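Chain by chain, the residues:
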Amino acid sequence: MCSHKQQRNIPAPSPCAGKAPLSRLLFLASPPPLLPLGRSPRWEPQAGSAEEDGLCSESCDSEDEEGMLQSLLQFLSQIKRLKIVFDQSKEVNRKNVTRILDVLAKQNHKLQQLCIVCHGENPYFYSGQDILQSIRNICDTENQIDLQHIDFRQMPFTLDDELVELVATSNPNLHSLFINNRTLVCNVAPGTIRKVLRACPKLSALGVYYASLSDDVFQELLKPERAAFTHLDIFCERLDKYIPVISEELWAAVSQKHPQLCVDLEFDHTVPACKIPRILKLNIPVSTLQLNTYNYMVNQIRFVTQSYSSTLKKLTLQTTSSEDLNSSLVDLARQCGKLLEIHCYCVVSQEVVEAFLAHCPSLKQYTLKVTKERHPWKPVTVQ
């Protein structure tokens, strides 16, 4: 997943002009989540140099959005790493984001990383076509932008074959591409992912729907000239019940070809319970597993313990309480020594909590409740 250093807010941003080239921007187009009622929303662009994140920051009340944008545009051409976070339910936010992206398409030839995060609700009948068109503009072959990292996992607009292929062919030096954005429909076919892998020989990290994978995609990863492939992030949803599963033999071959490969698997609650055991294969080097199914998961947990004990680092479960669940979790704790996080969103026994604390020396966070509490359940950080 995409990670970013915590940026420092430094007052008096005006001295930034003329300093070292700015290489990072975090653009927040919405009020903070805990903003008291009656306070004005804030637009908060933040920027930092390659030497030090958070070199300067600017903030501006929504009443002066135009002034904020003009200030932002002064250094936009120097941005190398860009993350845009906004509430897409507000039209003014959408317009300003498209404006920034369109200016980038015309002026910025240094942009290397692009991440777009939406944290609002889509308005009725809104499909993000304005944002998607601005992304197309950035990828226009007449521009000189050469993106190396793209993350659309939190941009809830349906992507299609044409756009994904355009992104790949116009950015042949891509190292990572994440398009598993949890929309209701996956419109990216396996054939398009094959084209992406061919167009981007340096690609080492890929996030996709399970429906976008196929035997032919895996054969592409097995080609002798393929560079090291290290991260595969897969989202599984309801349409996967119609999709042929990747065979155990292909997973074994890809794992052998790329020994550093780590796989993150997320199962949406819409995946039929009978499909999960068919997708989970013995030879998948699973690092992160999310089973958000609300089904009886004891058998799957036992399989995970037997198959992924040497690779599993994070496990999230949405399931139902039972003594069998407690027993299977205690066994998992004893076997999965590399675990960094465990989150189980149902009540478990005290023995389960003690087992993870005793047998997982690298544990950083856990969500394990022995009594029912009001949601949201907050994780405990291990000191």
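Each remark here, short or long, concerns the structure printed above.
A brief look at the structure comes next. (Residues numbered from 1 in each chain as written. Predicted model: local features only at pLDDT ≥ 70, side-chain atom pairs only at ≥ 80, totals over all residues. Heavy atoms only, no water.)

All right, on to the side chain of E220 then. Inspection of the secondary structure puts E220 in helix α6 (residues 215–221). Setting aside anything within four residues of it in sequence, one finds E220 in contact with R194, L197, R198 and R226. (Helix = DSSP H or I, 4+ residues; strand = E, 2+ residues; numbered from the N terminus. Contact = heavy atoms within 4.5 Å.)

With that settled, consider empty space enclosed by the protein. In total, this model carries 2 cavities of 30 Å³ or more according to the counting rule given. Estimates place the volume of the largest cavity at around 70 Å³. Looking at the largest cavity, the residues that line it are T158, L159, I179, N181, T183, V185, C186, N187, V188, V208, Y209 and S212. Residues that form the lining of the largest cavity fall into these classes: 7 nonpolar, 5 polar and no charged. If you add up the space inside the second largest cavity, you get close to 50 Å³. Lining the second largest cavity, in full, are I150, F152, L159, L163, V164, V167, L177 and I179. (1 Å grid on protein atoms, 1.4 Å probe; cavity = no way out; pocket = protein on both sides within 12 Å on 5 of 7 lines; lining within 4 Å. Points joined across faces, edges and corners; volume = space filled by probe spheres on them. Nonpolar A, V, L, I, M, F, W, Y, C, P; charged D, E, K, R; others polar.)

Glancing now at a negative patch on the surface. Negative charge collects at one region of the surface, where E323, D324, E351 and E354 lie side by side. When contributions to the negative patch are tallied by element, the ones reaching two or more residues are α10 (323–335) and α11 (350–359). For E354, a relative accessible area of 47% puts it in the partly exposed group. (Patch = residues over 30% accessible without salt bridge, like charges linked within 9 Å, V, L, I, M, F, W, Y side chains within 5 Å. Areas by Shrake-Rupley, 256 points an atom, 1.4 Å probe, with all protein chains shown as cover. Salt bridge = Lys/Arg side-chain N within 4 Å of Asp/Glu carboxyl O. Lys, Arg positive; Asp, Glu negative; His and termini not counted. Charge placed at Lys NZ, Arg CZ, Asp CG, Glu CD. Buried < 20%, exposed > 50% of the residue type's maximum accessible area, 1.4 Å probe, protein only.)

For any two aromatic rings, the description comes down to two numbers: the centre-to-centre distance and the angle of the planes. Counted according to the given criterion, the structure contains 5 aromatic pairs. With a centroid separation of 4.8 Å and an interplanar angle of 85°, the aromatic rings of F218 and W251 are classed as edge-to-face. A residue pair is termed long-range when its members are at least 10 positions apart, and F218 in helix α6 and W251 in helix α7 (residues 248–257) qualify at 33 residues. Of the residues examined, F218 reaches a relative accessible area of 0% and is grouped as buried. Over the ring of Y126 we find R94; its NZ or CZ atom is 4.5 Å from the centre of that ring. The residue whose ring lies beneath R153 is F178, and the NZ or CZ to ring-centre distance is 3.9 Å. (Phe/Tyr/Trp six-rings, centres within 6.5 Å; stacked < 30°, edge-to-face > 60°. Lys NZ or Arg CZ within 6 Å of the ring centre and 35° of its normal.)

Next up on the list: the nonpolar core. Across soluble globular proteins, you tend to see nonpolar side chains buried next to one another. Ranked by internal contacts, the top residues of the largest apolar core, which has 104 residues, are M155, L232, L265, F267, L289 and F356. No other element matches helix α2 (residues 91–107), which puts 6 residues into this core. Those residues in contact with L289 that sit more than four places away from it in its chain are L265, F267, L280, V304, L312, K314, L315 and T316. (Core = buried A, V, L, I, M, F, W, Y, C linked by side-chain atoms within 4.5 Å.)

Next up on the list: unusual backbone geometry. Peptide bonds are mostly trans, and most non-glycine residues show a negative phi. With an omega of 5°, the peptide bond running from H375 to P376 counts as cis. Within the element layout of this structure, P376 appears in the loop between β15 (365–369) and β16 (380–381). At R182, a residue that is not glycine, the phi angle is positive and equals roughly 60°. Of note, R182 is situated in the loop between β8 (176–178) and α5 (190–199).

Taking 1.5 Å as the rise per residue, α10 with 13 residues should run 18 Å; its terminal C-alpha atoms sit 19 Å apart, in good agreement. Those residues of α10 that fall on the buried side of the exposure criterion are L325, N326, S328, L329, V330, L332 and A333. Taken together, the buried residues of α10 touch α9 (298–307), β13 (314–317), β14 (341–347) and α11. (Expected span 1.5 Å × (residues − 1).)

Let us now look at the pattern of salt bridges. Per the counting criterion, the structure on display carries 12 salt bridges. Of the charged contacts, one joins R194 and D216 as a salt bridge, the two residues approaching to 3.9 Å between their closest N and O atoms. Of the two residues, R194 sits in helix α5 while D216 sits in helix α6, which places them 22 residues apart along the sequence. For K314, the salt bridge is made with E341, and the minimal N-O distance between the two is 3.8 Å. Placement of K314 in strand β13 and of E341 in strand β14 is noted, with a sequence separation of 27 residues between them. Accessibility expressed as a relative area gives 26% for K314, which makes it partly exposed. Members of the salt-bridge network, linked through shared partners, are R194, R198, D216, E220 and K223.

Before going further, it helps to examine the pairing of β15. Across the 5 residues that make up β15, a large majority, 4, are buried. In this structure, β14 lies alongside β15, joined through 4 bridges in parallel fashion. Bridge pairing in β15 places V347 opposite K369. When β15 meets β16, the two strands line up antiparallel, connected through 2 bridges. When the sheet's bridge partners are listed, Q365 is paired in β16 with T381. (Pairing = 2+ DSSP bridges.)

Any link to function would need more than the numbers given here.
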